[in-house]
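Working through the structure, step by step
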Amino acid sequence: MNMRTPDLLQRSPEKSGSSAASTPRGGGRGSLARAFFRYTLNDIAHFSRVLVGRPLRSYQLAVARAVLASVRQRKGAIFTVEMARQMGKNELSAHLEAYLLYRYQRRGGTIVKCAPTLTPQVLISRLRLESILDRPWLAPYWQRAHGNMVAVGKARVMFLSAHEQANVVGATADLLLEVDEAQDVDEEKFAKEFLPMAAAQNATIVLYGTPWTQDTLLAKYKALNLAHEENTGERRHFSYPWQVGARENPRYGAAVKAQIRQRGEDDLVIRTQYCLEEIDDATGFFTPPLRAALQGAHARQHRPRAEAHYVAAVDVAGEESAPQESRQSRRDSTVVLIGERVWRHDPLLGFALPAVNVVNAYQWTGLPTTEQYARLVRLLGEEWRVQRAIVDATGIGDALARFLQARLGEDRIEPFTFTAQSKSALGYDLRSLVGSGRLQLWADDGSAEFRECWRQVRRCQLSLHPGNRISFHVPASQGHDDYVSALAMLTRTVESGAPPAVSVALPPREIQTEGY
């Protein structure tokens, strides 16, 4: 890399690979031009507004000024920053990096930016910084080197992966160390390999992210910062839930309110990524508001209605090959849930959303696979004529699912394999759809199936794992979770099918969240 990059404050920019000088946009080599650039570099607010052309919002500036004061004074402070999604956390980080590159282009210095994954998180961070540096006033002065480095003069930013297997030993952060999505970074990895990078020059550290559990890297430093603020009055923790962004950008507020309406206030994404709440790991999966939303008023159906469209989910009994944390080791019963696809008008969004009313349930215990296959062919294909059925294909369920797919058609039967990742995705969808009233059980009919389903719902527990992954289960000592697993699989049928014949959609209001 050619470190003799043109100096924004003193010399005219030279295009990389060319000896011909060109005049900087905005005024040549004179003292007026130098005064202009010094003015813009005197405060990050001026830099963002004038040179970048993308002004930071007030809450972003509060964080930026605190971080930069620590950098200038070599205080070595460790900041924790929580911002709701789409409120500009990554934009703030890129502005800080760009500002420091130009402030320290003569003196030199290194910023290290890391994230849990190289692709896409680290790549996105680098591209965001480059999008800022490509502004007309700044574009002639920066260059990329070695694939993971961006430099202006003697100052540079290194982008590294914080994955547990990544080799990052040897890098030094003498200006700033930034950790993106810190709640997903391994604490031991950070302590052994990243903290030493900042130690030599007592560099400032910023941990960005959103809350998860109390034992994450972000949560532990947040607690230390809150205690520090209480003892000294110095603020090192910054937390901005979605309401702060909504006050400065009403369109952002409207977009978040629509998500809350669609997903429900008790949804994990809403609580952690927008309301910035930490979650207690030892909690029920179906909270009281979710249980209330799950209870429908429709009657149980024992035979299909001619005009209705039906879907199904099948949780298969038997030995499982999935990890212990994602499935119980033994299934005693096969559970089949039948759902009717309906459309519910959402007054806030202004249009109808697909939903499923669970209208019947079947539970078979101790049946051989051949008998289960015969019953499912009759039940799904002939009696209810389901448009789509999700069949548990974990372990011995795989053969049953494939046979049903061959008999009833690939467009109607979807095999589903439970893994840690797939179960987590189902868990999020289940809580979201139940919370928004788009998945409901039939009204109490006094049946054994109704009682068993609700017994499992009340006993189902939520477990939280690194990387914002979740799982759900009924403790082995308290029974099984066949009905809950079937409910979760049923979420995969909600979006299938055509909209109602008579449109109830209203023209949506334009919602933009750009600029964050």
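In this report, we go over the structure that sits alongside the text. (Residues numbered from 1 in each chain as written. Predicted model: local features only at pLDDT ≥ 70, side-chain atom pairs only at ≥ 80, totals over all residues. Heavy atoms only, no water.)

Side note on the overall build of the protein
Within the protein one finds 16 helices and 19 strands. A total of 516 residues make up the protein; the buried ones form 56% of that total. If you take every contact in the protein between residues at least 6 apart in sequence, the share linking residues at least 24 apart comes to 74%. Entry remark: accessible area of the protein is about 22,400 Å², with carbon and sulfur atoms responsible for 50%. (Helix = DSSP H or I, 4+ residues; strand = E, 2+ residues; numbered from the N terminus. Buried < 20%, exposed > 50% of the residue type's maximum accessible area, 1.4 Å probe, protein only. Contact = heavy atoms within 4.5 Å. Areas by Shrake-Rupley, 256 points an atom, 1.4 Å probe, with all protein chains shown as cover.)

A short note on the packing of helix α15 (residues 448-459) against helix α16 (residues 482-490)
At a closest axis distance of 8 Å, the pairing of α15 and α16 adopts a crossing angle of 85 degrees. Our classification of the angle between α15 and α16 gives roughly perpendicular. Contacts between α15 and α16 involve Glu-449, Glu-452, Cys-453, Gln-456 and Val-457 on the former and, on the latter, Asp-482, Tyr-483, Val-484 and Leu-487. Residue composition of the contact of α15 with α16, grouped by class: five nonpolar, one polar and three charged. (Axes fitted to C-alpha atoms, helices over the stretch in contact; angles between N-to-C directions. Parallel < 35°, antiparallel > 145°, perpendicular 65-115°, else oblique. Nonpolar A, V, L, I, M, F, W, Y, C, P; charged D, E, K, R; others polar.)

Considerations on the pattern of salt bridges
The final tally for this structure, using the stated rule, is 29 salt bridges. As a salt-bridge pair, Glu-130 and Arg-144 come within 2.7 Å of each other at their nearest N and O atoms. With Glu-130 in helix α5 (residues 118-133) and Arg-144 in strand β3 (residues 142-145), the pair connects residues that are 14 residues apart, well separated along the chain. You can call Glu-130 buried: its relative accessible area is 5%. On the basis of relative accessibility, which here comes to 44%, the residue Arg-144 falls in the partly exposed class. Linked by salt bridges that have partners in common, Arg-85, Lys-89, Asp-180 and Glu-181 make up one network. (Salt bridge = Lys/Arg side-chain N within 4 Å of Asp/Glu carboxyl O.)

Considerations on empty space enclosed by the protein
Scanning all chains against the criterion turns up two cavities of 30 Å³ or more. Lining the second largest cavity are Asn-90, Ser-93, Ala-94, Glu-97, Lys-113, Ile-124, Ser-125 and Arg-128. Mapped by element, the contributors of at least two residues to the lining of the second largest cavity are α4 (89-103) and α5. Per-element accounting of the lining of the second largest cavity gives the leading share, four residues, to α4. Of the residues assigned to the lining of the second largest cavity, the class counts are two nonpolar, three polar and three charged. (1 Å grid on protein atoms, 1.4 Å probe; cavity = no way out; pocket = protein on both sides within 12 Å on 5 of 7 lines; lining within 4 Å. Points joined across faces, edges and corners; volume = space filled by probe spheres on them.)

As for the sheet that holds strand β9 (residues 283-284)
Within the open sheet, the three strands sit side by side as β9-β18-β19. Their pairing is antiparallel. Only two strands of the sheet have a single neighbouring strand rather than two, namely β9 and β19 (469-473). In the sheet, strand β18 (residues 461-465) pairs with β19 via five bridges, with the strands oriented antiparallel. Of the residues in β19, the one forming a bridge with Leu-462 is Phe-472. Sitting on the sheet, helix α14 (residues 420-435) is in contact with β9, β18 and β19, with an inclination near 80 degrees to β19. (Pairing = 2+ DSSP bridges.)

Concerning helix α7 (residues 217-232)
If you check α7, its first and last C-alpha atoms are 23 Å apart, about what 16 residues at 1.5 Å a residue would give, namely 22 Å. Of the residues making up α7, those classed as buried are Leu-217, Leu-218, Ala-219, Tyr-221, Lys-222 and Asn-225. Of the surrounding secondary structure, the elements contacted by the buried residues of α7 are β1 (78-83), α6 (187-199), β7 (204-209) and β8 (237-240). Two residues or fewer past α7, Gly-233 is found with a positive phi of approximately 85 degrees. (Expected span 1.5 Å × (residues − 1).)

Observations concerning helix α2 (residues 44-52)
In terms of residue burial, α2 counts as a mostly covered element, since seven of its nine residues are buried. For α2, every residue scored as buried is listed here: Ile-44, Ala-45, His-46, Phe-47, Ser-48, Leu-51 and Val-52. Check the buried side of α2 and you find it contacts α1 (31-42), α3 (58-73), α4 and α5. Positioned one or two residues after α2, Gly-53 has a phi angle of 80 degrees, which is positive.

What to know about the packing of aromatic side chains
The final tally for this structure, using the stated rule, is 16 aromatic pairs. Ring plane angle 50 degrees and centroid distance 5.2 Å describe the contact between Phe-36 and Trp-137, whose orientation is recorded as tilted. Within this pair, whereas Phe-36 is found in helix α1, its partner Trp-137 is found in the loop between α5 and β3, the two being separated by 101 residues in sequence. Classification of Phe-36 as partly exposed rests on a relative accessible area of 25%. Through a chain of ring-to-ring contacts, three or more aromatic side chains come together here, namely Phe-47, Tyr-99, Tyr-102 and Tyr-141. If you follow Arg-375 out to its NZ or CZ, it ends over the ring of Trp-364, 5.5 Å from the centre. Above the face of the Phe-285 ring, Arg-431 is positioned so that its terminal group lies 5.4 Å from the ring centre. (Phe/Tyr/Trp six-rings, centres within 6.5 Å; stacked < 30°, edge-to-face > 60°. Lys NZ or Arg CZ within 6 Å of the ring centre and 35° of its normal.)

Topic: a positive patch on the surface
On the surface, Arg-72, Arg-74, Arg-103 and Arg-107 cluster together into a positively charged patch. Locating Arg-103 in the fold gives a position in helix α4. Overall, the relative accessible area of 39% leaves Arg-103 in the partly exposed class. (Patch = residues over 30% accessible without salt bridge, like charges linked within 9 Å, V, L, I, M, F, W, Y side chains within 5 Å. Lys, Arg positive; Asp, Glu negative; His and termini not counted. Charge placed at Lys NZ, Arg CZ, Asp CG, Glu CD.)

Thoughts on the sheet that holds β7
Pairing is mixed across the open sheet formed by eight strands, whose spatial order is β3-β4-β5-β2-β6-β7-β1-β8. The sheet is open, and its two borders are formed by β3 and β8, each paired with just one other strand. The sheet shows a mean angle of 15 degrees between the axes of neighbouring strands, taken without regard to direction. Where strand β4 (residues 149-152) meets strand β5 (residues 155-161), four bridges bridge the pair, whose relative direction is antiparallel. Among the inter-strand pairings, Ala-151 is bridged to a residue of β5, identified as Arg-156. In this fold α3 packs onto β1, β6 (176-179), β7 and β8, with an angle of close to 170 degrees to the strand it touches most, β1.

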